[in-house]
Amino acid sequence: MDESVKNCCLTPILRNKYLVFGEPLIEEAEIQEVVNSLRSAWLGTGRKVEAFEKLVAAYKGVKYAVALNSCTAGLHLSCLAIGLHAGDEVIVPAMTFCATINSIIHAGAVPVLVDVDPDTFNMDPVQARRKISPRTKAIMPVHFAGRACNMEALMEIVSDYGLKVIEDCSHAIETEFRGQKTGTFGDCGVLSFYSTKNIVTGEGGMVLTNDAEIAARIKMLALHGMSQDAWMRFSDAGYKHYEVVEIGYKYNMMDLQAAIGMHQIKRIDDYWRRRLSIWERYNAGLAGLPVKLPAPLDTSSRHGLHLYTILINQPPAPLLRDQFLDALHRRNIGTGVHYRSIAVHPVYQQRFGWQPDDYPNAKAIGEATVSLPLSPKLTDQDVEDVIAAVNQTLQQAS
C-alpha cells in the first residue's frame, strides 16, 4: 500500500457508533404484532401470513401472492412451477447474487449468463437475444438495485421465442417500468424481505403471479407437498387430515415473520420517499469526486431505490475498491458490495467453465462497486457522515 492510502486509512473516525449497512427501520407496531403472536402461541404459518399475502398482492396488483421463507425459495419453486426440466436453459445476468443462479441449478435447469449494461447494471437485451438456443425455456431478469430492466425489449424476446419469465424482484418491490409494476410482466415475480431489503421480515420472500395453477402449486410445494391449507390442521376448528400429493420442501413463512411485514408494507411509500431524499443528498454531496455515481433516474419509470452504488475506478480514483471499503470501515461507516461478477466464483467456473473476461461489463462493475447505506432509519447526520467519509477518503488518498 502506498503512503497516501495508508494515511487515509489511519484518519481518525468521524463517529463513535458504527453505522451498520442496511439496518432496517423497525417500528412499534410490528414489535407489538410479534409480541401478540408470541402470546397467541401461533408461531408458524397462519392467518397473519395470509393477511400479509393479501396486502402485498394488493400493492403489486396481482391476483396471488405466496409467502415463503426466502426469495431463494421463491425463485426455486417458480422454476418448478413453470415446468422447467433437467437440461432446460434459463437466461440470467452475470451481475446478480448467487441465489439467482442457485435456484435454477436446484431446479435441474442450466443458467446461461449474459453480460449487463455498464450504466444500469441490468441484463443487456441484445446480449440476451444472442444467447437463445433451442434449449432455452425461460429468462430471469434481475431488476438490479431497484432499477427496472428494459422489459419492453426483454418481453419482445420472450414473445419471439415462446419463453417463460421469472422476474427477480429482490431489489424491486416498489419498482415500475413505464407505469407497470415489476413482478407482473411474466409468469412469476419474486420478492425478498431479507433484513437489508426495502421492507423486511428478517428472512422471507414472496412469489407474485396471476396464474392460479402456479400459485396453488407453489403453496403446496412450500409445505412438504401437502394438500392445500394443510397448515390449518391444528386450528381450533378441529384436526383435519391432509394428503401428500408431491415431494415438496419446507419453505413456508411463519406468522412471526408476517407480523413484521404486514406493518412494513403499509409504510412502504413513506420509506421510499425517505430513501429518495437520501439518494438526492448523496448525488449532491458526492458530485465531482473521482467515482462513478448511479445512472440518472428514468423519469418514465420508478426506481425502487434499494442500493446506492458508486464505482471506485482505478484510474481515475486514487485507490482501489477494497482499500476504499477498508478506509470507510475505519471511519465507522458500513458498506456493501453488490456484487462481484457471478463468473468469478470458483464453483461456477468449475461447473460451467465461466470466465470473468467473457462478461467484461460485469467484471468491471464487480471490481469497482460499493453500496453506501440507504435505509429509512438513517438520520440526516448519518447521511452527512457518509458523504464526509467518502470525500475525506478520496481526498486524502489523492
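Since we're looking at a predicted model, the values are computed, not measured.

How each quantity is defined
Residues numbered from 1 in each chain as written. Predicted model: local features only at pLDDT ≥ 70, side-chain atom pairs only at ≥ 80, totals over all residues. Heavy atoms only, no water. Core = buried A, V, L, I, M, F, W, Y, C linked by side-chain atoms within 4.5 Å. Buried < 20%, exposed > 50% of the residue type's maximum accessible area, 1.4 Å probe, protein only. Helix = DSSP H or I, 4+ residues; strand = E, 2+ residues; numbered from the N terminus. Contact = heavy atoms within 4.5 Å. Disulfide = S-S within 2.5 Å. Pairing = 2+ DSSP bridges. Axes fitted to C-alpha atoms, helices over the stretch in contact; angles between N-to-C directions. Arc of directions from axis to C-beta. Phe/Tyr/Trp six-rings, centres within 6.5 Å; stacked < 30°, edge-to-face > 60°. Expected span 1.5 Å × (residues − 1).

Nonpolar side chains in soluble globular proteins tend to be buried together. L68 and L113 are the most contacted members of the largest nonpolar core, which has 50 residues in total. Elements that contribute at least two residues to this core include exactly β1 (64-68), α4 (71-81), β2 (89-93), α5 (98-106), β8 (188-192), α8 (212-221) and α13 (360-368). Looking at this core element by element, the count peaks at 7 residues for α4. Among all residues touching L113, those that are not within four sequence positions of it are V92, P93, A94, I101, K131, I342, A343, W354 and Y359. Core analysis: the second largest hydrophobic core is formed by 30 residues, W272, L319, V386 and V390 among them.

Tracing the backbone shows L256 in helix α9 (residues 255-264). The spacing of L256 and A145 is 111 residues in sequence and 27 Å in space, taken between C-alpha atoms. Residues in contact with L256, not counting those within four places in the same chain, are V34, S37, L38 and L43.

Take the state of the cysteines next. Enumeration over the complete set of coordinates arrives at 0 disulfides. Unpaired in this structure, C79 has its nearest cysteine sulfur neighbour in C188, at a distance of 8.7 Å. Note on C188: relative accessible area 0%, which makes it buried.

We now examine the sheet that holds β2. The strand order β1-β9-β8-β5-β4-β2-β3 describes an open sheet built from 7 strands, whose pairing is mixed. The open sheet terminates on both sides in strands that have one partner only, identified here as β1 and β3 (110-114). Strand-to-strand twist in this sheet, taken as the mean axis angle between neighbours without regard to direction, amounts to 25 degrees. Relative to strand β9 (residues 205-209), β8 is paired through 4 bridges, and the arrangement is antiparallel.

Further remarks concern helix α7 (residues 151-161). Here α7 has its buried residues at M151, A153, L154, I157 and V158. Looking down the long axis of α7, one finds its buried residues gathered within 165 degrees of arc, a one-sided arrangement. In α7, the exposed positions angled more than 90 degrees off the buried face are occupied by S159 and D160. For α7, the elements touching its buried residues are α6 (125-130), β4 (136-139), β5 (164-169) and β6 (176-177). Positive phi appears at G162, one or two residues downstream of α7, with a value of about 65 degrees.

If you trace the backbone, E33 turns up in helix α2 (residues 28-40). On the accessibility criterion, E33 (15% relative accessible area) is buried. When near neighbours in sequence (up to four residues on either side) are disregarded, E33 contacts K48, A259, M262 and H263.

With the rule as written, the count across this model stands at 10 aromatic pairs. With a centroid separation of 6.1 Å and an interplanar angle of 65 degrees, the aromatic rings of F177 and F185 are classed as edge-to-face. There is no split in this pair, since F177 and F185 are both buried. Judged by centre distance (5.0 Å) and plane angle (55 degrees), the rings of Y282 and Y308 are tilted. With Y282 in helix α10 (residues 268-285) and Y308 in strand β10 (residues 308-311), the pair connects residues that are 26 residues apart, well separated along the chain. Note on accessibility: Y282 and Y308 belong to one class, buried. Ring pairing ties together the aromatic residues F97, F121, F144 and Y339, which thus form one cluster.

Next up on the list: α2. Helix length check: α2, at 13 residues, gives a terminal C-alpha distance of 18 Å against a target of 18 Å (1.5 Å per residue), a fit within 8%. Three or more residues of α2 are buried, namely E30, E33 and S37. Each buried residue of α2 sits inside an arc of 55 degrees when the element is viewed along its axis, so together they form one side. Buried residues belonging to α2 abut α3 (47-60) and α9.

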